[in-house]
Amino acid sequence: MPHRQPLLALLSRYRPIDAGDADQARRLTGFVEREPACFERGCLEGHITGSAWLVAPDGHRVLLTHHRKLERWFQLGGHADGNADVLAVAMREAREESGIDDLTPASLDIFDLDVHPIPARENEPEHLHYDVRFALRAGHDRFRVSGESHALAWIPIDRLADRTSEPSMLRMAAKWLSARFPS
């Protein structure tokens, strides 16, 4: 359990904004507490992923990826692949997927949590992503599209609903706009 303690400490400090957010926190915390292999892709139930709510220097836009496999707009992120430092995972994934190296955490605390199913694909059964999300700031707004995306785009946070109806994405926008993580 020692490798899970830093994430469990972060989860204990997480302050949900509503009942749905609290349910996500309970589910994710319970998974980490009971599953020693929670950071490994080989865990059949699911695994920890790290994501970045990557905000432009002006604080008013978020960088989204049009995900190549899932065909929808999402925040940047990916698998922990054994790394228990989920903030480092979120930063690595943001750098890899955007080409932006100049990143700074807006906070060292968790910004958002989400548990969501990933559909079955060839050689991979349906499973859950236990996604731990951090708010990051980009030092500039120039990006490079990686092979994991069809496209990247800076989206005004107050217009995010024009791009997606995904509840967890809209929840993150509301959190950012509420000045919980001021711009």
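Scroll up to find the structure.
Rules and cut-offs
Here the residue index of a chain counts from 1 through its sequence in written order. Residue-level local features of this predicted model are given only where pLDDT is at least 70; pairs of side-chain atoms are given and counted only at 80 or more, and the full residue set underlies all totals for whole chains, interfaces and linings. To get the side-chain values, all heavy atoms of the structure are used, and hydrogens and water are removed first. Under the DSSP-based scheme used, a helix requires at least four consecutive residues in state H or I and a strand at least two consecutive residues in state E, with every element numbered from the N terminus. Each radius of gyration is computed over the set of C-alpha atoms, and the globule rule expresses the reference value as 2.2 Å times the number of residues to the power 0.38. Think of it in three bands: with a 1.4 Å probe and only protein chains considered, a residue is buried below 20% of the maximum accessible area for its type, exposed above 50%, and partly exposed in between. We call two residues in contact whenever any of their non-hydrogen atoms come within 4.5 Å of each other. A 1.4 Å probe and the Shrake-Rupley method give the accessible areas. Residues count as covered only by the protein chains that appear here. The convention is simple: Lys and Arg are positive, Asp and Glu are negative, and His and the chain ends are not counted. To locate a charge, take NZ of a lysine, CZ of an arginine, CG of an aspartate or CD of a glutamate. Any Phe, Tyr or Trp ring, taking Trp's six-membered ring, that has another such ring centre within 6.5 Å forms a pair; planes under 30 degrees apart are called stacked, those over 60 apart edge-to-face, and the others tilted. Note on geometry: a ring has a charge over it if NZ (lysine) or CZ (arginine) is within 6 Å of the ring centre and within 35 degrees of the ring normal. We define a salt bridge as a contact between a side-chain nitrogen of Lys or Arg and a carboxyl oxygen of Asp or Glu at a distance within 4 Å. To define a nonpolar core, start from buried Ala, Val, Leu, Ile, Met, Phe, Trp, Tyr and Cys residues and group those joined through side-chain atoms within 4.5 Å.

## Focus on the overall build of the chain
- From N to C terminus, the chain includes 4 helices and 8 strands.
- Counting helices and strands in the order they occur from the N terminus, the chain gives α-α-β-β-β-β-α-β-β-β-β-α.
- Its C-alpha atoms give the chain a radius of gyration of 15 Å, near enough to 16 Å, the size a compact globule of 183 residues would have.
- Residue burial in the chain is summarised as follows: out of 183 residues, 49% are buried.
- Relative to all contacts within the chain whose residues are 6 or more apart in sequence, the contacts with residues 24 or more apart total 70%.
- For the chain, the computed accessible surface area is about 8,600 Å², with 52% contributed by carbon and sulfur atoms.
- Of the charged side chains in the chain, 23 are positive and 28 negative; the average position of the first set lies 3 Å away from that of the second.

## Let's talk about the side chain of Ser-146
- Inspection of the secondary structure puts Ser-146 in the loop between strand S7 (127-138) and strand S8 (149-156).
- Given the relative accessible area of 12%, Ser-146 is considered buried.
- Apart from the residues lying within four places of it in its own chain, the contact partners of Ser-146 are Glu-96 and Glu-97.

## Details of the packing of aromatic side chains
- For the coordinates displayed, the defined rule picks out 3 aromatic pairs.
- What links up through ring pairs into an aromatic cluster is the set Trp-53, Phe-111 and Trp-176.
- Just above the ring of Trp-154 sits the side chain of Arg-61; from NZ or CZ to the centre is 5.4 Å.
- Sitting over the face of the ring of Trp-73, Arg-163 holds its NZ or CZ atom 4.7 Å from the ring centroid.

## So, the pattern of salt bridges
- Within this structure, the stated rule accounts for 19 salt bridges.
- For Asp-112, the salt bridge is made with Lys-175, and the minimal N-O distance between the two is 2.6 Å. Of this pair, Asp-112 sits in strand S6 (residues 112-118) while Lys-175 is found in helix H4 (residues 167-177), placing the two residues 63 residues apart along the sequence.
- A relative accessible area of 0% means that Asp-112 is categorised as buried.
- Overall, Lys-175 belongs to the buried group, its relative accessible area being 2%.
- For Glu-124, the salt bridge identified is with Arg-121, shortest N-O distance 2.9 Å.
- Exposure remark for Glu-124: the relative accessible area of 24% places this residue in the partly exposed category.

## Quick look at the nonpolar core
- Counting residues in each nonpolar core, the largest one holds 38 residues, and the members touching the most others are Ile-48 and Leu-54.
- Secondary structure elements with two or more residues in this core: helix H1 (5-13), helix H2 (19-34), strand S1 (46-55), helix H3 (86-98), S6, S7 and S8.
- Once residues within four sequence positions are removed from consideration, Leu-54 is found in contact with Arg-61, Val-62, Leu-63, Leu-76, Ala-94, Ser-98, Ile-100, Leu-103, Leu-136, Arg-137, Ala-138 and Trp-154.
- With 15 residues, the next largest nonpolar core counts Trp-53, Val-62, Leu-64 and Met-169 among its residues.

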